[in-house]
Amino acid sequence: MPSSASTTTTFRTCPLCEATCGLKLTLEEGKVTRVEGDPDDVFSQGFLCPKGAVLHHLHNDPDWLRAPQIREGSTWREASWEEAWARVEEGFAPFLSSSNRNAIALYLGNPNVHNFSNSIYMRPLIKTLRSRNLFTASTVDQIPKHVSSGLMFGHPRIIPVPDLDRTDYLLILGANPMASNGSLCTAPDFPGRLKKILQRGGKVVVLDPRKTRTAKLASEHHFIQPGTDPLFLLAVAHTLFAEERISVENIAEHLAGLEQVKAWVEPFSPESVSERCGLSPDSIRHIARALSEASSAAVYGRIGTCTTPFGTLTSWLVDVVNVLTGNLDQPGGAMFPKSAHSRHRPNAAPGGRGFRTGRWSSRVSQKPEVMGELPVGILAEEIETAGEDQVRALITVAGNPVLSTPNGERLSRALKQLDFMVSVDPYRNETTQYADVILPPPTPLQHSHYDIAFYDLAVRNVANYSSATLPRDENQPCETDILLHLIRLFSGQDSSVPLSFVDDFIAMQLVQGEIGAEDSPLSGRDMDEILSALQPHRGAERVLDFLLRAGPYGDGFGANPDGLTLNKLMEAPHGIDLGPLQPRIPEVLATPSGKVELAPESMGEELTRLQEWHNKEAPSLQLIGRRHLRSNNSWLHNLSPLVRGKDRCTLLIHPNDAADHNISDGETVTVKARAGSLQVAVEVTDTMMPGVVSLPHGWGHNQAGASMQVASQHPGVNSNLLTDENQMDRPSGNAVLNGIPVTLQK
Ligand SMILES: Nc1nc2c(c(=O)[nH]1)N[C@H]1C(S)=C(S)[C@@H](COP(=O)(O)OP(=O)(O)OC[C@H]3O[C@@H](n4cnc5c(=O)[nH]c(N)nc54)[C@H](O)[C@@H]3O)O[C@H]1N2
Ligand SMILES: Nc1nc2c(c(=O)[nH]1)N[C@H]1C(S)=C(S)[C@@H](COP(=O)(O)OP(=O)(O)OC[C@H]3O[C@@H](n4cnc5c(=O)[nH]c(N)nc54)[C@H](O)[C@@H]3O)O[C@H]1N2
Ligand code: SF4
Ligand SMILES: [Mo]
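Basis of the calculations
- Residues numbered from 1 in each chain as written.
- Chains lettered and ligands numbered in written order.
- Predicted model: local features only at pLDDT ≥ 70, side-chain atom pairs only at ≥ 80, totals over all residues.
- Heavy atoms only, no water.
- Helix = DSSP H or I, 4+ residues; strand = E, 2+ residues; numbered from the N terminus.
- Rg over C-alpha atoms; globule rule 2.2 N^0.38 Å.
- Buried < 20%, exposed > 50% of the residue type's maximum accessible area, 1.4 Å probe, protein only.
- Areas by Shrake-Rupley, 256 points an atom, 1.4 Å probe, with all protein chains shown as cover.
- Lys, Arg positive; Asp, Glu negative; His and termini not counted.
- Charge placed at Lys NZ, Arg CZ, Asp CG, Glu CD.
- Near = heavy atom within 4 Å.
- Polar contact = N/O pair within 3.5 Å; in protein donor to acceptor, adjacent residues only side chain to side chain.
- Nonpolar A, V, L, I, M, F, W, Y, C, P; charged D, E, K, R; others polar.
- Domains from an automatic or database assignment.
- Contact = heavy atoms within 4.5 Å.
- Patch = residues over 30% accessible without salt bridge, like charges linked within 9 Å, V, L, I, M, F, W, Y side chains within 5 Å.
- Salt bridge = Lys/Arg side-chain N within 4 Å of Asp/Glu carboxyl O.
- Core = buried A, V, L, I, M, F, W, Y, C linked by side-chain atoms within 4.5 Å.
- Pairing = 2+ DSSP bridges.
- Axes fitted to C-alpha atoms, helices over the stretch in contact; angles between N-to-C directions.
- Buried area = accessible area lost by both parts, 1.4 Å probe.
- Left-handed = near helix turned anticlockwise from the far one by under 90°.
- Parallel < 35°, antiparallel > 145°, perpendicular 65-115°, else oblique.

### Let's talk about the overall build of the chain
Of the regular secondary structure elements, the chain holds 25 helices and 27 strands. Computed over its C-alpha atoms, the radius of gyration of the chain comes to 25 Å, within 12% of the 27 Å expected for a compact globule of 746 residues. When the 746 residues of the chain are sorted by exposure, 62% land in the buried category. Taken as a whole, the chain presents about 27,500 Å² of accessible surface, with 48% of it coming from carbon and sulfur. Distance between charge centres in the chain, computed from 67 positive and 85 negative side chains, equals 2 Å.

Okay, here's the thing in structure tokens:
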């Protein structure tokens, strides 16, 4: 490419999915004209997918809101930020007294964890709001893994990830990283890393009711009946005990509950689960033996294991098998990342307070709190049901629950009944159409980035900071200031208090927490000295600088002068590699015993429920979901390069099932479930397991109140009209989004 004075190159991390790819952006005359993979990125080494390549199209999308919007009945008008904030303050006023806080619900969507400001300021927002009605996309996603990790390791965010670059055997359950690029396992170029496993003579084995692109690449693929992964894993564990293949020497002194697990898995022979799982006893034994014989192996489970009736039990069993085969905390097994911003306690004894759920329950159906939140499946009933603490107002930040949570139809009806709703969101979409005020953030190119959430889940320890690529539009506040404004409102402070004071207070509390902690290397240090060392950073950057310097690779504010600081990270546009994952047991363990709790009591209770479920007859036709490389949940369908081509929102069905229903390829069918029904075109394919049909989520852009031009021309249907808000994984409250009983009608 010819370079001229006005052509420059800059680098940033892609914020769209969990893979954290490094991007190389070409700017001409102050406009981003091209996005490529950054070949020098320490982690992604040039990889990018079709979504990253059009990141700048988001910035240029005419439907991306550039000013706040106020709704008057069914019409919308643009407003100044002053007017919008006045309307927000007025709308929340009736609910601000301390006895009324539960009337305000907060829903936090997925992009919050992909957004640097939001990853940091969400917590103060939740704290100052003081409402028990907190909902997030976690309960339609990964909260079962948090619960199983909380129970086993003592903290819900201590999650082991498959050591992809060194493993010799990877067993994938319910994930399709060829499309998703991975989740709870940050690995840019996941596809390339899988291919390398095969190239070095290793094996990749996939269990999925659909022969996905990942399954096609794998050494082996086995169909499995939706929701039956826990039975399969129990039978694997059973085989490991029965054939004396248990190998826990590596962590034996840090392990509790092995005998209990042995007793629990006893009834689950491969023969006893085979029919229900749809796998032969031989296949189950073959996988169990291969796992135990591989020089290193990792079991990895994702969406297809979490969003099922036994999501927590399955997530727990994934790590039980990792433990039993000697692969937990071993190179090539399932390992614990150590991010640059993580809590650093080098001298603390292992162990901690452990993890609890159910500290309070939801008002209407008494669902237990998990990690401070309630299952999003109950949001509608909390709005609909009159009484003290009824939800009357809602804030959504970066979420589209009408399309992404179960029974979207019921939720839409409930949202219309609210007294007041505010959405912090760039689009007027299926959810934000019900808001009274929409507060739009700047575009992804207009803010800085650091992956607070995903470096804690990465297959290598790395750190990368990106500054904003483009300046913000005139009057456009950064998202930090939008959140600080809400934080100030909910903390009861006057609007005369500058936002910078609110921000200073948050930073001071953070520093105070660390210097006041006896086991912190910063214990007893001087607050003012630390705060002045953080200058001139402010906002999210100041918090990040503090976390990095107090973190495991940090400069410790002088204690380790060569250590990491934000300034050093800023000088490394391709990121800093902190090396392969290292064994971390017992240091990571935060259970009261200081051990890995292999047999948490609540998992015993779940096993009893599983037995009952197992004895019931399976539905004759079940719905599962899928992802496509050019989608990202519900919100990238407004970019034409990503929706071009043939309709992707189709119902995949096996030829036998199509014949049984007298349906041929391309025909439209009515799909019915307990929660609702919809009509969709079918695609007949033998990549589906017989008895299972697949429909992607995130579609259904045909709503008159939304304003997304391109998406409305490729509407598709909302698969969450079929998912049931009353079905959830009991320990975690996660929605059941896979294995939905359905019927078809031509
Ligand atoms: N392109 C793209 N990338 C994405 C996203 C996106 O929408 N598009 N979304 C991002 C998000 S938020 C997340 S959480 C991740 C998710 O990342 P993944 O977990 O990889 O998600 P999926 O691609 O939906 O793969 C889930 C697989 O589970 C299978 N499955 C369904 N039910 C069962 C079951 O009961 N048992 C088993 N064994 N398999 C089952 C499905 O057939 C499907 O192949 O992807 C992220 N990346
Ligand atoms: N049936 C079925 N349903 C599913 C799933 C499934 O596999 N099957 N997957 C589930 C999963 S894993 C997830 S994570 C959820 C996602 O559920 P949600 O998070 O509720 O939905 P998204 O589609 O990610 O919507 C993101 C919203 O954030 C806005 N947004 C994007 N960037 C920003 C930003 O920087 N700031 C702000 N303020 N807003 C922004 C977008 O405009 C959009 O409105 O969906 C879940 N729903
Ligand atoms: S894989 Fe994910 S992080 Fe990488 S370019 Fe694609 S969307 Fe961005
Ligand atoms: Mo997700």
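### A few points about the site of ligand 2
Around ligand 2, the surrounding shell holds 29 residues, and the nearest of these are Tyr107, Asn110, Asp425, Glu479 and Ser634. The separation between an oxygen atom of ligand 2 and a polar side-chain atom of Tyr107 is 2.7 Å. At 2.9 Å from a nitrogen atom of ligand 2 is found a side-chain nitrogen or oxygen belonging to Asn720. About the coverage of ligand 2: the protein hides 96% of its 930 Å² of free accessible area. Here the shell around ligand 2 is built from residues that sort into 13 nonpolar, 12 polar and 4 charged. A domain-level breakdown of the shell around ligand 2 finds at least three residues from each of domain 1 (69-142 + 374-437) and domain 4 (619-745).

### Quick notes on the environment of Arg460
Residue position: Arg460 is located in strand β18 (residues 460-463). According to the relative accessible area criterion, Arg460 is partly exposed, its value standing at 23%. Through-space distance from the C-alpha of Arg460 to that of Pro368 is 35 Å; in sequence the pair is 92 residues apart. Excluding residues that lie within four positions of it along the chain, Arg460 makes contacts with Phe43, Asp577, Gly579, Pro580 and Leu581. At 2.8 Å, the side chain of Arg460 forms a polar contact with the side chain of Asp577.

### What about a positive patch on the surface?
A cluster of basic residues, Lys195, Lys211, Arg213 and Lys216, forms a positive patch on the protein surface. Within the element layout of this structure, Lys195 appears in helix α6 (residues 190-199).

### Examining unusual backbone geometry
Cis peptide bonds are those with omega within 30 degrees of zero, and the linkage from Gln535 to Pro536 qualifies with 0°. If you trace the backbone, Pro536 turns up in the loop between α19 (527-533) and α20 (539-550). That bond from Ile585 to Pro586 is cis: its omega, 15°, falls within 30 degrees of zero. Its location among the elements puts Pro586 in the loop between β19 (576-580) and β20 (596-597).

### A look at the nonpolar core
Counting 76 residues, the largest nonpolar core has Val88, Phe92, Tyr121, Val397, Leu439, Tyr450 and Phe490 as its most contacted members. If one sorts the elements of this core by residue count, helix α17 (residues 479-490) sits on top with 7 residues. Filtering out sequence-adjacent residues up to four positions away, Leu439 remains in contact with Pro68, Trp81, Ala84, Trp85, Val88, Val422, Ser423, Val424, Asp425 and Ile482. Core analysis: the next-biggest nonpolar cluster, separate from the first, contains 58 residues, Phe310, Leu324, Phe336 and Ile585 among them.

### With respect to the site of ligand 1
Around ligand 1, a shell composed of 33 residues is seen, among which Ser180, Asp208, Gly227, Ser631 and Asn633 lie nearest. Leu207 places a polar main-chain atom, nitrogen or oxygen, 3.0 Å from a nitrogen atom of ligand 1. Contact distances for ligand 1 include 3.2 Å between an oxygen atom and a backbone N or O atom of Gly304. Summarising the interface, the protein chains cover 98% of the accessible area of ligand 1, which totals 920 Å² for the free molecule. Within the residue set of the shell around ligand 1, elements represented by two or more residues are α5 (177-180) and α12 (303-306). Looking at the shell around ligand 1, the element that brings in the most residues is α5, giving 3 residues.

### Concerning the sheet that holds strand β4 (residues 69-72)
Taken together, the 7 strands give an open sheet; going across it, the order is β5-β4-β17-β16-β15-β6-β7, and neighbouring strands pair in mixed fashion. Each having just a single partner strand, β5 (75-78) and β7 (134-136) make up the two edges of the open sheet. Each strand of the sheet is rotated relative to its neighbour by a mean of 15°, with strand direction disregarded. Taken together, the 3 bridges between strand β16 (residues 420-424) and strand β17 (residues 437-439) define a ladder with parallel strand orientation. By the bridge assignment for β17, Val424 is matched with Leu439. Taken strand by strand, α17 contacts β6 (104-108), β15 (393-397), β16 and β17, and its axis lies near 155° from that of β15.

### Here we look at the pattern of salt bridges
For the structure shown, the criterion picks out 36 salt bridges. Notably, a salt bridge pairs Glu587 with Arg584, separated by 2.9 Å at the nearest N-O pair. Overall, Glu587 belongs to the partly exposed group, its relative accessible area being 42%. One network of salt bridges, in which partners are shared, links Glu384, Arg410, Arg674, Asp724 and Glu725.

### A closer look at the sheet that holds strand β3 (residues 31-37)
In a beta sheet, neighbouring strands pair by backbone hydrogen bonds and run either parallel or antiparallel. The antiparallel open sheet is built from 3 strands, whose spatial order is β1-β2-β3. Sheet topology places β1 (7-13) and β3 at the edges, where each strand pairs with a single neighbour. Here the average twist between neighbouring strands, direction ignored, is 30°. Note that strand β2 (residues 22-28) and β3 share 6 bridges and pair antiparallel. Bridging across to β3, Lys24 finds its partner in Glu36.

### Some words on the domain arrangement of the chain
Domain annotation of the chain identifies domain 1 (69-142 + 374-437), domain 2 (163-341 + 594-609), domain 3 (498-574) and domain 4 (619-745). Put simply, the middle of domain 1 and the middle of domain 4, counted by C-alpha atoms, are 26 Å apart. Of all residues in domain 1, Leu403, Asn407 and Tyr427 give up the largest surface area on contact with domain 4, accounting jointly for 28% of the area buried on that side. For the pair domain 1 and domain 4, the number of links is 1 salt bridge. The interface formed by domain 1 and domain 4 holds 15 residue pairs in polar contact (both at pLDDT 80 or more) in total. The set of elements that each furnish at least two residues to the side of domain 1 that touches domain 4 consists of α15 (401-404) and α16 (408-416). Among the residues making up the side of domain 1 that touches domain 4, the classes are represented as 9 nonpolar, 12 polar and 5 charged.

### Some remarks on the packing of helix α13 (residues 311-324) against helix α22 (residues 601-615)
Running from N to C, α13 and α22 cross one another at 115°; their axes reach a closest spacing of 10 Å. The handedness of the crossing between α13 and α22 is left-handed. From α13, Thr312, Leu313 and Trp316 reach across to α22, where they touch Met603, Glu606, Leu607 and Leu610. Taken together, the residues of the contact of α13 with α22 sort by class into 5 nonpolar, 1 polar and 1 charged.

### Observations concerning the packing of helix α8 (residues 229-242) against helix α9 (residues 258-265)
Their axes nearest at 9 Å, the elements α8 and α9 cross at an angle of 115°. Overall, the two elements α8 and α9 adopt an arrangement that is roughly perpendicular. Classified by chirality, the crossing of α9 by α8 is left-handed. Note on element contacts: α9 touches α8 through Leu258, Val261, Lys262 and Val265, opposite Leu234, Ala237, His238 and Phe241. Residue classes in the contact of α8 with α9 are distributed as 6 nonpolar, 1 polar and 1 charged.

### A word on the pairing of β5
Where β4 meets β5, 4 bridges bridge the pair, whose relative direction is antiparallel. Each bridged residue has a counterpart across the sheet, and for Arg71 the counterpart in β5 is Trp76. Linking β4 back to β5 in an antiparallel pair, the connection comprises 2 residues, with Gly73 at a positive phi of about 65°.

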